[in-house]
Amino acid sequence: MKPLELISNKAVWNVDALKGSSNRNNYDEIKYIEENHTDQISINLKNKNLQNLLKHAVKSTGFYEPYKSYNSIEDFPVINKIVIRDNYEDFLSKEFINFPKFKVSTSGSTGTPFTAFQNKNKRIRNLSDTIYFSEKAGFKILINLTYF
């Protein structure tokens, strides 16, 4: 990494630290889980995250409310974009109706375009995912990247 790129990379993480390290904390958790996937702590983190998501889904969405007495993820139906589109309102979390949301969309390059909403925490988690997995491919934050 060139000196200017190194400084820029460090600056991004320093700004994040000044804002409470939400990106760094998510990045560190993702990295730990991915690099220690058989470790008991990693397994516990994944299970905790999954349980939190399932509890949130049955508590706050119309679509998943009928599954409130679930025992495991196997009790939930397999869904796809068509199911979500056909039941869009039922997938919206009641807990986030009045909170700011970020609209995200797919281009439809592999099918029909799809739009969903993310809250601030999901947006941060998604950015942290992108940073981690981009680094696995050799890319660092703020380094020039050319697409062909």
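Residues numbered from 1 in each chain as written. Predicted model: local features only at pLDDT ≥ 70, side-chain atom pairs only at ≥ 80, totals over all residues. Heavy atoms only, no water.

## Here we look at the packing of aromatic side chains
As a reminder of what qualifies: Within 6.5 Å between ring centres, the rings of Phe, Tyr and Trp (the latter by its six-membered ring) count as paired, and their orientation is classed by plane angle as stacked under 30 degrees, edge-to-face over 60, tilted in between. The numbering of helices and of strands both runs from the N terminus, where a helix is a DSSP run of H or I of at least 4 residues and a strand a run of E of at least 2. Geometrically, a lysine NZ or arginine CZ counts as sitting over a ring once it is within 6 Å of the ring centre and also within 35 degrees of the ring normal.
Tallied over the full model, the rule gives 11 aromatic pairs. With centroids separated by 4.3 Å and ring planes inclined at 20°, the aromatic side chains of Phe63 and Phe91 adopt a geometry described as stacked. In this pair, Phe63 is assigned in the loop between helix H3 (40-60) and helix H4 (81-86) and Phe91 in helix H5 (residues 88-91), connecting sequence segments 28 residues apart. Note on Tyr132 and Phe133: the rings are 4.9 Å apart at their centroids and 80° apart in plane angle, and the pair reads as edge-to-face. An aromatic cluster is built from Phe63, Tyr64, Tyr67, Tyr70, Phe76 and Phe91, whose rings are joined through pairwise contacts. Its end group placed over the ring of Trp13, Arg24 keeps NZ or CZ at 4.0 Å from the ring centre.

## Here's the deal with the packing of helix H2 (residues 22-35) against H3
This is how the line gets drawn: Between N-to-C directions, angles cover 0 to 180 degrees, with each direction set by a line fitted to C-alpha atoms, over the stretch in contact for helices. Oblique is the label for every angle not falling under 35 degrees (roughly parallel), over 145 degrees (roughly antiparallel), or within 65 to 115 degrees (roughly perpendicular). If you view the pair so one helix is near and one far, a crossing is left-handed when the near helix is turned anticlockwise from the far one by less than a right angle, and right-handed when it is turned clockwise. Contacts were defined at the residue level, with two residues in contact if any of their heavy atoms lie within 4.5 Å. Only Asp, Glu, Lys and Arg are considered charged, only Ala, Val, Leu, Ile, Met, Phe, Trp, Tyr, Cys and Pro nonpolar, and every remaining residue, Gly among them, polar.
At their nearest, the axes of H2 and H3 sit 8 Å apart, and the two run at 120° to each other. By the angle between their axes, H2 is oblique relative to H3. The chirality of how H2 crosses H3 is left-handed. On H3, the residues that touch Glu29, Tyr32 and Ile33 of H2 are Ile41, Ser42, Leu45, Lys46 and Asn49. Residue composition of the contact of H2 with H3, grouped by class: 4 nonpolar, 2 polar and 2 charged.

## Quick notes on the side chain of Glu29
Condition: Burial classes: relative accessible area under 20% of the type maximum marks a residue as buried, over 50% as exposed, and values in between as partly exposed (1.4 Å probe, protein chains only).
Of note, Glu29 is situated in helix H2. Owing to a relative accessible area of 19%, Glu29 belongs among the buried residues under this scheme. Excluding its chain neighbours within four sequence positions, the residues that come into contact with Glu29 are Leu45, Asn49 and Arg125.

## Details of the nonpolar core
Convention followed: In this text, buried Ala, Val, Leu, Ile, Met, Phe, Trp, Tyr and Cys residues form a nonpolar core when linked through side-chain atoms within 4.5 Å.
Core analysis: the largest hydrophobic core is formed by 10 residues, namely Leu54, Ala57, Val58, Phe63, Tyr64, Tyr70, Phe76, Ile84, Phe91 and Phe114. Considering every element that reaches this core, the biggest residue donor is H3, with 3 residues. Once residues within four sequence positions are removed from consideration, Phe114 is found in contact with Lys81, Ile84, Arg85, Val104, Ser105 and Thr106. The next biggest cluster of nonpolar side chains, apart from the first, holds 6 residues, and it includes Trp13, Ile131, Tyr132 and Ile141.

Function cannot be inferred from these measures alone, as they are strictly geometric.
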